[in-house]
Amino acid sequence: EAGVVQSPRYKIIEKKQPVAFWCNPISGHNTLYWYRQNLGQGPELLIRYENEEAVDDSQLPKDRFSAERLKGVDSTLKIQPAELGDSAVYLCASSLGFGELFFGSGTQLSVL
Amino acid sequence: GENVEQHPSTLSVQEGDSAVIKCTYSDSASNYFPWYKQELGKGPQLIIDIRSNVGEKKDQRIAVTLNKTAKHFSLHITETQPEDSAVYFCAASEGSGGSNYKLTFGKGTLLTVNP
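Residue numbers here run from 1 along each chain, matching the order of that chain's written sequence. Whichever chain is written first becomes A and whichever ligand is written first becomes 1, with later ones labelled in order. Local features in a predicted model are, by the rule used here, given only for residues with pLDDT of at least 70; side-chain atom pairs are given and counted only at 80 or more, and totals for whole chains, interfaces and linings are based on all residues. Working from all heavy atoms in the structure, the side-chain values ignore hydrogens and water.

Draft legend 1. Fine view of the interface of chain B and chain A. In this analysis, two residues are considered to be in contact whenever any of their non-hydrogen atoms come within 4.5 Å of each other. Facing the 16 residues of chain B at the interface are 20 residues of chain A. As a working definition, buried area equals the accessible area (1.4 Å probe) given up by two parts on being put together, with both sides summed. Contact between chain B and chain A buries roughly 1,500 Å² in total, counting both sides, with carbon and sulfur atoms accounting for 52%. We count a salt bridge whenever a side-chain nitrogen from Lys or Arg sits within 4 Å of a carboxyl oxygen from Asp or Glu. Along the contact surface separating chain B from chain A lie 0 salt bridges. For this analysis, a polar contact is any N or O atom pair within 3.5 Å, provided that within protein one partner can donate a hydrogen and the other can accept it, and provided that sequence-adjacent residues contribute only side-chain to side-chain pairs. Along the contact surface separating chain B from chain A lie 3 residue pairs in polar contact (both at pLDDT 80 or more). Classification used: nonpolar for Ala, Val, Leu, Ile, Met, Phe, Trp, Tyr, Cys and Pro, charged for Asp, Glu, Lys and Arg, polar for all others including Gly. Residue classes in the side of chain B that touches chain A are distributed as 7 nonpolar, 6 polar and 3 charged.

Draft legend 2. Structural detail: the environment of Q45 of chain B. Residue and element names in this part refer to chain B. Strands here mean DSSP runs of E at least two residues long; helices mean DSSP runs of H or I at least four residues long; both are numbered from the N terminus. Position of Q45 among the secondary structure elements: in strand β5 (residues 45-51). Only protein chains enter the accessibility calculation, which uses a 1.4 Å probe. A residue is then buried if its area is under 20% of the maximum for its type, exposed if over 50%, and partly exposed in between. Overall, Q45 belongs to the exposed group, its relative accessible area being 54%. Once the C-alpha coordinates of Q45 and F89 are considered, the two residues, 44 residues apart in sequence, prove to be 9.6 Å apart.

Draft legend 3. Highlighting unusual backbone geometry. Cis geometry marks the peptide bond from S7 of chain A to P8 of chain A; its omega dihedral reads -5°. For P8 of chain A, the position within the fold is in the loop between β1 (5-7) and β2 (10-13). Of note in the backbone geometry, Q60 of chain B takes a positive phi value of approximately 55° without being a glycine. Along the chain, Q60 of chain B falls in the loop between β6 (56-59) and β7 (62-67). Here Q60 of chain B falls in the exposed class, since its relative accessible area comes to 71%. One non-glycine residue, E79 of chain B, adopts positive backbone phi at about 45°.

On their own, these measurements won't tell you what the molecule is for.
Written out as structure tokens, the structure reads:
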């Protein structure tokens, strides 16, 4: 069975440009998470979805970040405009309810 | 909110030795404590977890201990092998309920096992 799939794997953009990350969770997993992992740090939760509903977005910087999970399956995380401090690895994870989290390999974003 | 401190930040051991990583947490209501292993270029993977109703849990060469009174929990790896080399993260769930969606992670420990 395929795990959590994320794309792109790497992204390099100039500041003020927009960027989007895509995530396909494990089939059947109704809960989806976006985490941000800064260099040398642990992951930090940005947003959690249960099916298509964002049930916790308290850590999402809403002035420039947005996310959607149409039809309760795939999800997209967008940053517009990107800032230098947004350089990080963006991890998507999924779970069946409150079960074990399965992480994707992440998208490494570099903002120049 | 929850604060998780993890030590050491780097750990180097010889193959066959044991490795111990320690974490402390601040929220006494936390009751779910997972450990993740992250290899280079990959996402974290759950290796073991413990809930606050038990003090110790073991899975082959890996064990986790929990001291709720002191708000400490530790990861123990015995008979280390080169493939154990990775970054290890501890985490704690905010508030009660045992859900792992509001995990607060430590900063990680880079474990290097030398052949």
